[in-house]
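Descriptive structure summary
As a plain string of letters, each chain reads:
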Amino acid sequence: MTAIDNYISQFPEEVQILLNEIRKVIKEAAPEATEKISYQMPTFYLHGNLVHFAAYKKHIGFYPSPSGIEAFKEEISSYKWAKGSVQFPLDKPIPYELIRKITIYRVKENVEKLNI
């Protein structure tokens, strides 16, 4: 088992299903990214931290950096959000397509930094 598998396994089954689906969406959007635990959260890394996610009692936090939040302010406006994070309530459908779009944006952003 990987560190992320261990992280996910500590939550109730219904939350594990959501976390595994988020992980799958991120992997598909960023197939070259590596996984690790950073800031005590599952993290995808590609030329720097890409995105993090974490489960809490009533929501799943998604952390795509301040630039990832800024670029998708309109799409995340119905959720609680802050400078570098957005909260997806557990009692509502998780916006997997939005997670995919933000992750793709962050991949492009991190790759472009290399070419400066």
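Please refer to the structure placed before this passage.
Small disclaimer: the values here were computed from a predicted structure and weren't measured. (Residues numbered from 1 in each chain as written. Predicted model: local features only at pLDDT ≥ 70, side-chain atom pairs only at ≥ 80, totals over all residues. Heavy atoms only, no water.)

1. Let's talk about the pairing of strand β2 (residues 41–45)
We count it as follows: Each residue is placed in one exposure class: buried if its accessible area under a 1.4 Å probe, protein chains only, is under 20% of its type's maximum, exposed if it is over 50%, and partly exposed if it falls in between. Secondary structure is summarised from DSSP: a helix means a run of H or I of at least four residues, a strand means a run of E of at least two, and numbering begins at the N terminus for each. By the convention used here, strands pair only if DSSP detects at least 2 bridges between them.
Among the five residues of β2, four are classified as buried, and the element is accordingly described as predominantly covered. Where strand β1 (residues 34–38) meets β2, five bridges bridge the pair, whose relative direction is antiparallel. Note that in β2 the partner of Ile37 across the bridge is Pro42. Hairpin connection between β1 and β2: a loop of two residues separates the two successive antiparallel strands, and Tyr39 in this loop has a positive phi of roughly 55°. Of the strand pairs in this sheet, β2 and strand β3 (residues 49–55) are connected by three bridges, and their pairing is antiparallel. Its bridge partner lying in β3, Phe44 is registered against Val51. Once β2 ends, the chain turns through three residues before running back antiparallel as β3, passing His47 with a positive phi of about 55°.

2. A word on unusual backbone geometry
With a phi close to 60°, Gln40 is a non-glycine residue in the positive phi region. As for its position among the elements, Gln40 is in the loop between β1 and β2. Note on Gln40: relative accessible area 71%, which makes it exposed. Phi at Ser65 takes a positive value of approximately 80°, unusual for a residue other than glycine.

3. Digging into the nonpolar core
Quick reminder of the rule: Here, nonpolar core refers to any group of buried Ala, Val, Leu, Ile, Met, Phe, Trp, Tyr and Cys residues whose side-chain atoms link them within 4.5 Å. Contact criterion: two residues are considered in contact whenever any of their non-hydrogen atoms come within 4.5 Å of each other.
Core analysis: the largest hydrophobic core is formed by 34 residues, its most contacted members being Leu19, Ile26, Phe62 and Ile99. Broken down by secondary-structure element, the contributors of at least two residues to this core are α1 (3–9), α2 (13–29), β2, β3, β4 (59–63), β6 (85–89) and α5 (96–114). A total of six residues in this core trace back to one element, the largest contributor, which is α2. Residues within four places of Leu19 in sequence aside, it is in contact with Tyr7, Ile8, Phe11, Phe53, Ala55 and Ile60.

4. Some thoughts on the sheet that holds β2
Here is the rule we go by: Here, axes are lines fitted to C-alpha atoms. For helices the fit covers the stretch in contact, and angles between N-to-C directions go from 0 to 180 degrees.
Read from one edge of the open sheet, six strands run β1-β2-β3-β4-β6-β5, paired in antiparallel fashion. The sheet is open, and its two borders are formed by β1 and β5 (80–82), each paired with just one other strand. Each adjacent strand pair in this sheet contributes to an overall mean axis angle of 20°, direction not counted. As paired strands, β4 and β6 are joined by four bridges and run antiparallel to one another. The partner of His59 across the bridge, within β6, is Pro89. Each of β1, β2, β3 and β4 is contacted by α2, which is oriented at about 170° to β3, the strand it contacts most. Against the sheet, α5 makes contact with β3, β4 and β6, and its axis sits at roughly 150° relative to β3, the strand it touches most.

5. With respect to the packing of aromatic side chains
Here is the rule: Note on ring pairs: Phe, Tyr and Trp rings are taken, using the six-membered ring of Trp, and paired if centres are within 6.5 Å. Classes follow the plane angle, with under 30 degrees stacked, over 60 edge-to-face and the rest tilted.
Taken as a whole, this structure holds four aromatic pairs when the rule is applied. Relative to Phe88, the ring of Tyr79 lies with its centre 4.9 Å away and its plane at 90°, an arrangement referred to as edge-to-face. Looking at Phe88, the relative accessible area reads 1%, which means it is buried. Members of the aromatic cluster, each reached through a chain of ring pairs, are Phe62, Tyr79 and Phe88.

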